[in-house]
Amino acid sequence: MNRYHSWGLYPKISPKKVKKIFWRNESSVFENCNKVLPFGLGRSYGDVCLVDNGILIDTTELKHLIRFDQENGILHCESGVTLEQILKHIVPKGWFLPVTPGTKYITVGGAIANDVHGKNHHKAGSFGHYVKSFDLLRSDGSIVHCSPEENPELFQATIGGLGLTGLILNAEFTLKKIPSEYLYLQTIKFKSISEFFEINDASEKNFEYTVAWVDLTNGSLNSVRGIYQRANHFFSDQSVKQKKSKISIPFVLPFSLINNLSIFIFNALYYSKQFDKYAEHIIHYDPFFYPLDGVNNWNYLYGRKGFLQYQFVIPKDNCERNLLTILNEIKKLGLSSFLTVLKTFGNKPKAGILSFPREGLTLAIDFPITQDIFQKLNKLDSTVVDFGGALYPAKDARMSSKIFHESYPEVNNFLQFKDPLFNSAFWERVMSC
Ligand SMILES: Cc1cc2nc3c(=O)[nH]c(=O)nc-3n(C[C@H](O)[C@H](O)[C@H](O)COP(=O)(O)OP(=O)(O)OC[C@H]3O[C@@H](n4cnc5c(N)ncnc54)[C@H](O)[C@@H]3O)c2cc1C
C-alpha cells in the first residue's frame, strides 16, 4: 500500500501525482499544477490531507532542524520534521513539546495546519499558541514571513488553516521545560459520567495533563464507566523500566477485526487491568503520550473498508446533560466504539481562524465503516451542532457543507487567505453548496 492515504483508510482518493519538495525556496513544485495540497505523514483520519485529481506535495524531505535556542527553549525547524525527531533532540536537554497529540508520527507542518491539541488543552491551549513565526510558500512563488507582528492575519489563517493558505516551509515555536523524561500519573476508575465530572473538576487545577478513556459497551448510560488519567511532569533520576518491543500489523486485513464482540472484550479487559479504584505510577513520556504508537499500523485492523473517527466538541454550558443526550443517541443508533476518549478544552481564545478547539468538552470515538454508518452519523451531527458544537476536520471524512458552515461561521473571513491553487477533498466537500 502506498503511503498517500489517510489514517482511517477512508475515503480512497489517490492524487494524480505526488511531488516531493526538497528546498525551502522551491516554488517550481507548483509548475503544471491545477490543484495542490501539502502532505505530511497522513496521520489525519479523513480527507483533509487528500486531493482528488490534483498534486500532493510530500513535505517529508524538509526534515532539518535549523536552530535550537537551548537557553530559552525555542526551536526553529523545517516543516517536514516529525515530533518524534524533535523529542529525540530536545528531551535529553530538558525540554518538551508545548502541546502534543496522541501520536508522535506527525510533522510540524501538519501540527500547525490542524492546530493540534493534547491532554493539556485545559491549561496550555493548542499547538498554534506556541508558534512564533513561519515562512509560507504561496503558489505565485512568493515566500511570506508570518508572525503575530508580520502578516498577522495570514498567520492566524494558516494556524488551523487545513493546508489551504500555502505551504509552510519552516516554523519557530517555543518549548516547555521539563525536570526529566518521566511523569507522575494517577489513574482513577469511575462508574458514571457525573463521577467523571467530579474527578475532572478536582483535577484540572493541579494536573497539567488530564484525559479519560470511556467504556460505552457496559450496560446503561447510568453506568458508563472509564478510567481517568491525570499527570504532571516529574523529577526522577532513576530510570524506570520501559517496554521497548513494538507490535506491527504487516498489511491491511481483508476484513475488520473490530466488531461488537472484540470491542466488548477489549473494553472489559482495559477496565479490569486496574484492580483498585485508584493507582499511582511513574511513567516514561512515550507510553503516556503515545500509547497507540506502540502498535505499528494499528489502523489496518479495521480492514480494507477502513474506519471513521468521530470527534466533536460541545460548549461548557450544560455539557454534562448534553453529553448524556449524545451518548444516548449513540446507544440508540446501535453504534459501539473500540476506543472512546473524553477530555475538556480550556478557555484560551482560538489560535487560528478555523481552529477546532474551543472551551468545552470533546469526545473522540472510532467507528468501523458499515453500510449505515453515514446515515447514523448525519443524525448525530445535527445534535452536536444544535448544542453549539463542532466536528474536528482533522478526523472528518463525511460532514456536510451545512454542518461545517454552521459550526465554523468564521469560514467567510478565512476565504480571503486561501491560496487559489490549494485545495483538498475535505474542502471541496464542505464548500460544495
Ligand atoms: C493515533 C493518532 C492520535 C492522534 N491524536 C490527536 C490528538 O490527540 N489531537 C489532535 O489534535 N490530533 C490528533 N491526531 C491527528 C493528527 O495529529 C493530525 O491529523 C495531524 O495534523 C497530522 O499531521 P501530519 O503531519 O500527518 O499531516 P497530514 O495528515 O499529512 O496533513 C494534515 C493537514 O496538514 C496540512 N499540511 C501538512 N504539512 C503542511 C505544510 N508543510 N504546510 C501547510 N500545510 C501542511 C495538509 O495539507 C493537511 O491539510 C491523531 C492522529 C493519530 C493517527
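Just so it is clear, the model here is predicted, and its values are computed rather than measured.

Draft legend 1. Spotlight on the site of the ligand. Neighbouring the ligand are 33 residues; Gly-40, Pro-101, Gly-109, Gly-110 and Gly-163 lie closest to it. Of all elements in the fold, only β2 (36–39), α2 (108–113) and β9 (167–174) reach the threshold of two or more residues within the shell around the ligand. Here the shell around the ligand gets 4 residues from one element, more than from any other, and that element is α2. Residues that form the shell around the ligand fall into these classes: 17 nonpolar, 15 polar and 1 charged.

Draft legend 2. Spatial organisation of the packing of helix α5 (residues 193–203) against helix α8 (residues 319–332). With their axes 10 Å apart at the nearest point, α5 and α8 run at an angle of 145° to one another. When you trace α5 past α8, the crossing you get is right-handed. Across the interface between the two elements, Ile-193, Ser-194 and Phe-197 from α5 touch Glu-320, Leu-323 and Leu-324 from α8. Within the contact of α5 with α8, the residues separate by chemical class into 4 nonpolar, 1 polar and 1 charged.

Draft legend 3. Spatial organisation of helix α1 (residues 83–90). Within α1, burial applies to Leu-83, Ile-86, Leu-87 and Ile-90. Seen along its axis, α1 keeps its buried residues to an arc of 100°; they face one direction.

Draft legend 4. Highlighting the sheet that holds strand β15 (residues 278–284). An order of β15-β11-β13-β12-β18-β19-β17-β20 is seen for the 8 strands of this open sheet, with the pairing classed as antiparallel. Pairing within the sheet leaves two strands with one partner each, and these edge strands are β15 and β20 (390–391). Where strand β18 (residues 340–345) and strand β19 (residues 360–368) come together, 6 bridges link them in antiparallel fashion. Looking at the pairing, Leu-342 lines up with Leu-363 of β19.

Draft legend 5. Broad picture of the environment of Pro-349. If you trace the backbone, Pro-349 turns up in the loop between β18 and β19. With 9 C-beta atoms packed within 10 Å, Pro-349 lands in the exposed category. Sequence-wise, Pro-349 and Ser-126 are 223 residues apart; in three dimensions their C-alpha atoms are separated by 9.8 Å.

Rules of the game
Residues numbered from 1 in each chain as written. Predicted model: local features only at pLDDT ≥ 70, side-chain atom pairs only at ≥ 80, totals over all residues. Near = placed C-beta within 6 Å. Helix = DSSP H or I, 4+ residues; strand = E, 2+ residues; numbered from the N terminus. Nonpolar A, V, L, I, M, F, W, Y, C, P; charged D, E, K, R; others polar. Axes fitted to C-alpha atoms, helices over the stretch in contact; angles between N-to-C directions. Left-handed = near helix turned anticlockwise from the far one by under 90°. Contact = placed C-beta atoms within 7 Å. Buried ≥ 20, exposed ≤ 12 C-beta atoms within 10 Å, placed from the backbone. Arc of directions from axis to C-beta. Pairing = 2+ DSSP bridges.

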